[in-house]
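Coordinates in review
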Amino acid sequence: MDEKTAETLAIAAGLEKAWANHRADVLDALATLAAHKANLPRATNAAVEPVPAYRLAPRR
């Protein structure tokens with residue numbers, strides 16, 4: 001993810017101070033999110049959104 005997109009996401013999430021003071025940490029968190037996004041499947045029924053928008057698969 002490019003830095004401009006990361007900045008936009010951080011500001012949209014209300015992380016202006018974190019972006020200004022801890023940019024590397026915010027970028028690491030966004031990289032972690034991108035790495036795990038495939039493990040958080042979207043709900044198949046739109047009527048249940050946004051409670052929750054993402055669910056972890058049950059442990060086996």
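Now for a look at the structure at hand.

Quick notes on the rules
- Residues numbered from 1 in each chain as written.
- Predicted model: local features only at pLDDT ≥ 70, side-chain atom pairs only at ≥ 80, totals over all residues.
- Heavy atoms only, no water.
- Axes fitted to C-alpha atoms, helices over the stretch in contact; angles between N-to-C directions.
- Helix = DSSP H or I, 4+ residues; strand = E, 2+ residues; numbered from the N terminus.
- Parallel < 35°, antiparallel > 145°, perpendicular 65-115°, else oblique.
- Contact = heavy atoms within 4.5 Å.
- Nonpolar A, V, L, I, M, F, W, Y, C, P; charged D, E, K, R; others polar.
- Buried < 20%, exposed > 50% of the residue type's maximum accessible area, 1.4 Å probe, protein only.

This paragraph deals with the packing of helix 1 (residues 3-12) against helix 3 (residues 23-36). For any two helices packed against each other, one specifies the inter-axial angle together with the distance between the axes. Running from N to C, helix 1 and helix 3 cross one another at 95 degrees; their axes reach a closest spacing of 11 Å. Here helix 1 lies roughly perpendicular to helix 3, going by the angle between them. Together, E3, A6, L9 and A10 of helix 1 and R23, V26, L27 and L30 of helix 3 make up the contact between the two elements. Classifying every residue of the contact of helix 1 with helix 3 gives six nonpolar, no polar and two charged.

The next thing to look at is the environment of R23. Within the secondary structure, R23 sits in helix 3. Relative accessible area serves as the criterion here: at 35%, R23 is assigned to the partly exposed category. Sequence spacing of R23 and A10 is 13 residues, and the spatial spacing of their C-alpha atoms is 9.5 Å. Contact partners of R23, with chain neighbours within four places excluded, come to E3 and A18.

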